[in-house]
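The primary structure of each chain is shown beneath.
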Amino acid sequence: MGLDLNKLEHLIAVAEEGSITRAAARLHLSQQALSTSIRVLEREVGVPLLERATTGISLLPAGTALVEDARVLRGTARSALQRARRIGRGEKEVLRLGHTPAVTGEEVIALLRQVTAAHPHLATDVNQRYPDELTAALLAGDLDIGLCRAMPPPHGLARTTLGHQPLNIAVAADHPFSTRPSVALAELADQHFIVWGQPGHSGYTDLLISHCRAAGFEPRTERTPLQGTPPATAVIGTDRLAFVTTPPGSAAGGAVRVLALDPPLYAPLHALYSPRTTSPAKDAFLATATL
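This one's a predicted model, so the numbers in the text were calculated from it and none came from an experiment. (Residues numbered from 1 in each chain as written. Predicted model: local features only at pLDDT ≥ 70, side-chain atom pairs only at ≥ 80, totals over all residues. Heavy atoms only, no water.)

*Asks:* Looking at this structure, how should I read a nonpolar patch on the surface?
*Replies:* Taken together, the side chains of Leu3, Val45 and Val47 make up a nonpolar region of the molecular surface, amounting to roughly 200 Å² of accessible area. In this fold, Leu3 is placed in the segment before helix H1 (5-17). Using a relative accessible area of 39% as the deciding quantity, one classes Leu3 as partly exposed. (Patch = residues over 30% accessible without salt bridge, like charges linked within 9 Å, V, L, I, M, F, W, Y side chains within 5 Å. Areas by Shrake-Rupley, 256 points an atom, 1.4 Å probe, with all protein chains shown as cover. Salt bridge = Lys/Arg side-chain N within 4 Å of Asp/Glu carboxyl O. Helix = DSSP H or I, 4+ residues; strand = E, 2+ residues; numbered from the N terminus. Buried < 20%, exposed > 50% of the residue type's maximum accessible area, 1.4 Å probe, protein only.)

*Asks:* Looking at this structure, I do not really get the pairing of strand S2 (residues 56-59). What am I missing?
*Replies:* Working note: regular strand, side chains alternate between the two faces of the sheet. Here strand S1 (residues 50-53) runs beside S2; their pairing, made up of 4 bridges, is antiparallel. Looking across to S2, one finds that Leu50 is bridged to Leu59. (Pairing = 2+ DSSP bridges.)

*Asks:* What's the story with the nonpolar core in this structure? I'm lost.
*Replies:* Counting 19 residues, the largest nonpolar core has Leu95, Leu97, Leu111, Ile145, Leu147, Leu162 and Phe285 as its most contacted members. Contributions of two or more residues to this core are made by strand S3 (94-99), helix H5 (105-118), strand S5 (145-148), strand S6 (158-172), strand S12 (256-273) and helix H8 (280-288). Top element by residues in this core is H5. It accounts for 4 residues. Residue contacts for Leu97: discarding those within four places in its chain leaves Val108, Leu112, Asp125, Val126, Asn127, Leu143, Ile145, Leu147 and Phe285. Ranked by size, the runner-up nonpolar core spans 18 residues in total, among them Leu208, Leu241, Leu261 and Leu265. (Core = buried A, V, L, I, M, F, W, Y, C linked by side-chain atoms within 4.5 Å. Contact = heavy atoms within 4.5 Å.)

*Asks:* Please explain the side chain of Thr104 as it appears in this structure.
*Replies:* Summarising the element assignment, Thr104 is placed in the loop between S3 and H5. A residue is classified by how much of its surface remains accessible, and Thr104, at 12% relative accessible area, is buried.

*Asks:* Teacher, can you tell me more about unusual backbone geometry here?
*Replies:* Generally, phi is negative for residues other than glycine and the peptide bonds are trans, each holding for most cases. Here the residue pair Asp262 and Pro263 is connected by a cis peptide bond, since its omega of 5° sits within 30 degrees of zero. With respect to the helices and strands, Pro263 occurs in strand S12. If you check the backbone angles, Ala150 has positive phi at about 60° while not being a glycine. On the secondary structure map, Ala150 appears in the loop between S5 and S6. Located in the positive-phi region is Ala252, a residue other than glycine, with phi close to 55°. Looking at Ala252, the relative accessible area reads 38%, which means it is partly exposed.

*Asks:* Explain helix H4 (residues 61-88) here, please?
*Replies:* Residues spaced three or four apart along an α-helix face the same direction, because each turn holds 3.6 residues. In this model, H4 (28 residues) spans 41 Å end to end at C-alpha, consistent with the 40 Å of a helix rising 1.5 Å per residue. Of all the positions in H4, only Gly63, Leu66, Val67, Ala70, Val72, Gly75, Ser79 and Arg86 are classed as buried. Buried residues along H4 sit in contact with H1, helix H3 (31-45), S2 and helix H6 (131-140). Just downstream of H4, Gly90 is the residue with a positive phi angle, here 70°. (Expected span 1.5 Å × (residues − 1).)

*Asks:* What exactly am I supposed to notice about the packing of aromatic side chains here?
*Replies:* Aromatic ring pairs are defined here through the distance separating the ring centres and the angle between the ring planes. If you walk through the whole model with that rule in mind, you get 2 aromatic pairs. Summarising the aromatic geometry, the rings of Phe193 and Phe217 are spaced 6.3 Å apart at their centres and angled 20° between planes, so their arrangement reads as stacked. Separated by 24 residues along the polypeptide, Phe193 in strand S8 (residues 192-195) and Phe217 in the loop between helix H7 (203-214) and strand S9 (220-223) bring together distant segments of the chain. Relative accessible area serves as the criterion here: at 1%, Phe193 is assigned to the buried category. Between Phe193 and Phe243 the ring centres are 5.3 Å apart and the planes differ by 15°, which places this aromatic pair in the stacked class. Highlighted residues: Phe193 in strand S8 and Phe243 in strand S10 (residues 241-244), separated in sequence by 50 residues. (Phe/Tyr/Trp six-rings, centres within 6.5 Å; stacked < 30°, edge-to-face > 60°.)

*Asks:* I would appreciate a short explanation of H6 in the present structure.
*Replies:* Residues of H6 that are buried include every one of Leu134, Thr135, Ala137, Leu138, Leu139 and Ala140, and no others. Trailing H6 by a residue or two, Gly141 shows a phi angle of about 85°, which is positive.

*Asks:* Explain the pairing of S8 here, please?
*Replies:* Strand direction decides the pairing type here: S8 and S9, joined by 4 bridges, are parallel. Within S9, the position partnered with His192 by the bridge is Arg220. One crossover worth recording links S8 to the parallel S9 by way of H7, and it is right-handed. With 2 bridges connecting them, S8 and S10 associate as parallel partners. Its bridge partner lying in S10, Ile194 is registered against Ala242. (Right-handed = clockwise from strand over helix to strand, strands pointing away.)

The following block contains the structure:
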């Protein structure tokens, strides 16, 4: 017996809204119709999926597992539909690529040059996404590739390492360290570091903190309010430091100096993707792009 994708969509909505009332409004269904759909799904699966209480609705372990897989199935089905329509209409193959703010535009362009050199007729659609948005778009079938650093792949996505890049330290042009060409990480134990994600909730931030701990200190960090901007610019007008992959030298029109780390440290560049979708554009990127 197959699962009804519509019923799975109903379960996803209830899980995300935590309420039959809100989920029904989102789906433009009556509450009775939605409740019936969920109960039919539970009978088809053969086990309870939801815990119903006066305070709201929550997922049981079986429901959590089904929602995780349902999101993958929904994205795969959507991707298959989009591909069939594109082929039927004679439209060009497009590589839909997203990247987190931790991956710079220059890095994206360098990778795409490799891909388009090998596949000159491949069109590209590139945009920046925050980590949660990136994974949601990949699972929904709206992106083929997601570029990131140290993000663990969520259920339904695979991750490959495209290479590693040197980590450097960005400081404002008037910072005491700005006249130095390089710095040892252990020298920065008394400094404050700007990061983009909260420790414990960001794989990349946790990676940077682990480098500091390996150098013998616990870093003091603060999350930048300038989310989505080029990483090196976060230190402008501050006495803070930031890990960046921008090459050493002047940056941001002279407002920033980037110092090499000695000895060098490295940050991975990862590609997230769905292994279950058929996409020549995705395959072309994974076969060609490397640092």
